[in-house]
Amino acid sequence: MSLNWSILQGLFYPLSFILICLALYHYWQQSTRYVRLGRKLPGPKPIPLFGNALEALLMKPDDIAEYVLNKSKTDFKNNTIVGIWLGYKLYVGIINPEDVEIILGSQTHIQKSEEYRYFKPWLGDGLLISRGEKWKNHRKIIAPTFHIHILKTFINSLNNNGSSLVKRLENEISNNFDIHDYMSRVTVDTLLETVMGIEKPKNETTSFDYANAVLKLCTIIHNRHYKYWLQNDFIFKLTSLAGAQTHLINVIHSLRNKIVKFKTEGVSLKLNTGESNSLPISISDNGLNDQGSNKNFYSFGSAVRDDLDEADEIGEKKRRPFLEELIETKLTNTGSFTDEEINEEVDTILFEGHDTTAAAMSFVLSLLGIHQAIQEKVFQELNAIFYDSERSATFEDTVQMKYLERVILESLRLYPPVPMIARKLTEDVCLASERYVLPKGTTVVIGTYLLHRRPELYENPDVFDPDNFLAEKCVGRHHYSYIPFSAGPRSCVGRKYAMLKMKIILSSILRKYKVYSDISEKAFRLQGDIILKRADGFKIRIENRLS
Ligand code: HEM
């Protein structure tokens with residue numbers, strides 16, 4: 001008893017000192033301009049030192065997305081803006097298109113939030129994360145490598161990969177299976193063959209191993225986003241997650257090293273033999289001609305234009321696919337890419353280019369499995385294009401797939417693979433919708449998922465209805481009401497490539513198989529570990545159409 005008492009007495013002064021310091025810190029924070037402006041915003045009441053962070057701390061990763069969505073529905077009930085505090089760090093969620101335009105449409109607010117730094121050991125300072133002059137210079141070189149003329153040369157490879165996938169799926173006929181694994185593999189395979197320009201050896205499991213490693217790495221990074229203590233690098237390194245991260249990054253980087261080495265050898269050989277690597281501007285084989293409109297060749301449900309549209313309208317210029325361009329400019333000393341920068345950009349494109357598209361296509365098939373009448377309309381459209389023929393799709397065919405395009409856009413509306421986008425403000429911002437000032441230093445989180453489901457913007461916002469993207473329905477809708485690929489200067493450079501790939505892969509599957517789902521949309525369990533997915537797996541069933 002006397003021992004306990006003396007311990008308590010011994011602790012009294014240090015504890016009191018710590019409490020007084022914390023109280024003083026709290027009152028000092030309250031007096032700063034940053035906190036004063038932030039406290040004016042609508043949102044849940046923060047508690048001293050923790051802000052609003054306590055609730056989410058002990059949650060399981062699979063429950064986080066549901067929690068955030070349910071919580072945001074309450075927080076955004078009467079507002080389009082909400083302030084949340086993690087400790088004394090202010091996060092402001094916005095879902096009004098006019099406010100979104102102020103951030104995404106600006107050349108100033110292009111700095112990614114601090115949360116992106118957890119990607120650095122993996123993606124380095126690639127296009128997704130980089131800032132300032134480096135980002136500007138690299139974007140200027142990388143965006144044109146997704147020019148429409150280059151995309152058209154990918155058609156054969158996309159068709160071949162679509163056919164191989166259809167063949168692999170024969171093993172799953174009548175089974176209830178997760179389509180996502182297949183989608184991951186086919187997106188990595190096509191990325192390697194097209195954007196990277198690598199012939200992948202047959203029957204290799206590299207793509208699957210890579211996709212699997214990315215999946216696990218995203219879970220670790222996501223953990224760091226919401227588990228407060230893991231944000232500290234020192235503490236993170238003491239956990240088993242750090243070891244797992246190193247192992248996964250090694251798997252990913254070893255594939256990337258192989259890609260870069262292989263391509264460098266190929267480009268060196270071509271340069272030594274004097275072969276030109278540039279694409280001629282007119283490509284006329286396999287229907288890859290310049291007929292039809294190159295200008296905005298697919299509608300994206302929004303009229304926001306950017307450097308990708310401008311690149312497509314510039315005519316006579318020699319162009320090379322992504323990796324060939326980077327390596328050739330390096331080997332010929334005509335560009336500014338170092339070896340490390342090439343590695344960073346390859347890692348970035350591999351990640352951004354596969355996981356997003358795999359999730360998007362998996363959602364489309366899940367939805368079509370549920371909405372049979374809509375699937376039938378897609379099939380009728382494909383029938384009208386191909387009749388009974390088993391021929392491959394041409395670029396022109398993909399332009400004719402208008403209904404499938406609306407299905408994809410609508411699926412991206414309801415289930416955007418990137419469900420939120422975050423920026424760090426480098427100066428104060430006045431919002432358009434309500435009279436609030438967001439102080440410099442604030443992390444602005446654009447809630448794409450919630451924005452896409454606002455009843456003010458879409459009739460019956462939770463209903464899967466591809467006609468939401470009929471031209472007459474899009475007229476009058478604010479340009480920033482639909483942003484699955486983001487918009488403005490930091491929009492997705494791969495969006496045209498992604499649409500082309502999705503149309504070819506999905507049409508290959510839907511021409512051959514009828515898709516079913518035993519699970520209703522209400523039963524989807526959403527998981528938002530970086531890319532939006534279904535925690536319950538993308539379970540579908542397929543049957544042969546011809547049987
Ligand atoms: C359905 C498929 C896709 C979706 C929904 C999507 C969505 C997005 C979004 C929302 C962003 C902005 C992210 C942010 O600001 O944090 C983005 C950026 C980016 N995406 Fe995509 N993406 C897709 C496919 C692709 C593909 C296929 C590629 C490349 C082959 C790609 C490459 C990139 C790159 C490099 C950036 C960073 C651009 C910059 O900051 O300048 N994406 N994407």
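- An unreviewed UniProt entry lists the protein under the name Cytochrome P450 4g15-like, with Agrilus planipennis given as the organism.
- As recorded by UniProt, the Cofactor (unreviewed entry) comment attached to the protein reads in full: "heme".
- Regarding the protein, the UniProt comment filed under Function (unreviewed entry) reads as follows: "May be involved in the metabolism of insect hormones and in the breakdown of synthetic insecticides."

## Describing the overall build of the protein
Stage number 1. A tally of regular secondary structure across the protein gives 22 helices and eleven strands.
Stage number 2. Counting all 547 residues of the protein, 54% fall into the buried class.
Stage number 3. The long-range share in the protein, meaning contacts at least 24 apart out of those at least 6 apart in sequence, stands at 78%.
Stage number 4. For the protein, the computed accessible surface area is about 24,500 Å², with 56% contributed by carbon and sulfur atoms.

## A closer look at the packing of helix H15 (residues 322-331) against helix H16 (residues 339-370)
Stage number 1. Packing of H15 against H16 leaves a shortest axis separation of 11 Å and a crossing angle of 175°. When the interaxial angle is binned, H15 and H16 end up roughly antiparallel. For the pair formed by H15 and H16, the contact residues are Phe322, Leu323, Leu326, Ile327 and Lys330 on the first element and Asp339, Ile342, Glu345, Val346 and Ile349 on the second.

## Thoughts on the sheet that holds strand E2 (residues 89-94)
Stage number 1. Read across the sheet, four strands follow the order E1-E2-E7-E4 without closing on themselves; strand pairing throughout is mixed. Two strands lie at the open edges of the sheet, namely strand E1 (81-86) and strand E4 (421-424), each paired on one side alone. The average undirected angle you get between the axes of adjacent strands in this sheet is 25°.
Stage number 2. Of the strand pairs in this sheet, E4 and strand E7 (residues 443-446) are connected by four bridges, and their pairing is antiparallel. The partner of arginine 423 across the bridge, within E7, is valine 444.

## As for the site of the ligand
Stage number 1. Lining the immediate surroundings of the ligand are 29 residues, of which Tyr116, Trp135, Arg139, Arg490 and Cys492 lie closest.
Stage number 2. Side-chain polar atom of lysine 112 to an oxygen atom of the ligand: 3.1 Å apart, as the coordinates give it.
Stage number 3. Within the side chain of tryptophan 135, an N or O atom sits 2.8 Å from an oxygen atom of the ligand.
Stage number 4. Elements represented by at least two residues in the shell around the ligand include exactly helix H7 (132-142), H16, E4 and helix H22 (495-512).
Stage number 5. If you tally residues by element for the shell around the ligand, the top one is H16, at six residues.

## Re the environment of histidine 478
Stage number 1. Note on placement: histidine 478 falls in the loop between helix H21 (471-474) and H22.
Stage number 2. Separated by 351 residues in sequence, histidine 478 and leucine 127 have C-alpha atoms that sit 28 Å apart.
Stage number 3. Excluding anything up to four places from it in sequence, histidine 478 contacts Pro97, Glu98 and Glu101.
Stage number 4. Of note is the side chain of histidine 478, whose polar atom sits 3.3 Å from the side chain of glutamate 101.

## Description of a nonpolar patch on the surface
Stage number 1. A contiguous nonpolar surface patch, about 680 Å² in accessible area, is contributed by Ile7, Leu11, Leu15, Phe17, Ile18, Leu19 and Leu22.
Stage number 2. By the secondary structure assignment, isoleucine 18 is in helix H1 (residues 2-31).

## A few points about the confidence of the model for the protein
Stage number 1. Residues at a pLDDT of 70 or more form 88% of the protein, whose mean pLDDT is 87.
Stage number 2. Per-residue pLDDT stays below 50 along residues 279-293; that stretch engages in 30 contacts with residues further than four places along the chain or on separate chains.
Stage number 3. Interface confidence for the predicted complex, expressed as ipTM, amounts to 0.99; the pTM equals 0.90.

## A short note on unusual backbone geometry
Stage number 1. At leucine 49, a residue that is not glycine, the phi angle is positive and equals roughly 70°.
Stage number 2. Relative to the assigned elements, leucine 49 resides in the loop between helix H2 (33-39) and helix H3 (54-57).
Stage number 3. Despite not being glycine, serine 486 has its phi angle at roughly 60°, a positive value.

## As for the coordination of the iron atom of the ligand
Stage number 1. Within the protein, just one atom coordinates the iron atom of the ligand: Cys492 (SG), at a distance of 2.3 Å.
Stage number 2. Looking at the secondary structure, you find cysteine 492 in the loop between H21 and H22.

The rules behind the values
Every residue gets a number counted from 1 within its own chain, in the order that chain's sequence is written. Residue-level local features of this predicted model are given only where pLDDT is at least 70; pairs of side-chain atoms are given and counted only at 80 or more, and the full residue set underlies all totals for whole chains, interfaces and linings. With hydrogens and water excluded, all non-hydrogen atoms of the structure serve as input to the side-chain values. UniProt positions are given in the numbering used here, feature names are shortened, and annotations may be inferred rather than shown by experiment. In this description a helix means any DSSP run of H or I spanning at least four residues, a strand means any run of E spanning at least two, and both kinds are numbered starting from the N terminus. Exposure categories follow from relative accessible area, calculated using a 1.4 Å probe and restricted to protein chains: below 20% of the type maximum is buried, above 50% is exposed, and the middle band is partly exposed. By the convention used here, residues are in contact when the closest approach between their heavy atoms is within 4.5 Å. Calculation of accessible area relied on Shrake-Rupley with a 1.4 Å probe; when residues are assessed, cover is drawn exclusively from the protein chains displayed. Axes, fitted as lines to C-alpha atoms, cover a helix only where it is in contact. Angles between the N-to-C directions of the axes lie from 0 to 180 degrees. When an angle is under 35 degrees it counts as roughly parallel; over 145 it counts as roughly antiparallel; between 65 and 115 it counts as roughly perpendicular; any other value is oblique. Should DSSP find at least two bridges between two strands, the strands are taken to pair. Any residue with a heavy atom lying within 4 Å of a molecule or strand is counted as near it. For this analysis, a polar contact is any N or O atom pair within 3.5 Å, provided that within protein one partner can donate a hydrogen and the other can accept it, and provided that sequence-adjacent residues contribute only side-chain to side-chain pairs. Patch membership requires over 30% relative accessible area and the absence of a salt bridge. Like charges are linked within 9 Å, and nonpolar side chains (Val, Leu, Ile, Met, Phe, Trp, Tyr) within 5 Å. A pairing counts as a salt bridge when a side-chain nitrogen of Lys or Arg comes within 4 Å of a carboxyl oxygen of Asp or Glu. Confidence scores per residue from the predictor, reported as pLDDT, run from 0 to 100. Metal coordination here is assigned from N, O and S atoms located within 2.8 Å of the ion, or within 3.2 Å for Na, K and Ca; omission of water means that sites may look incomplete.

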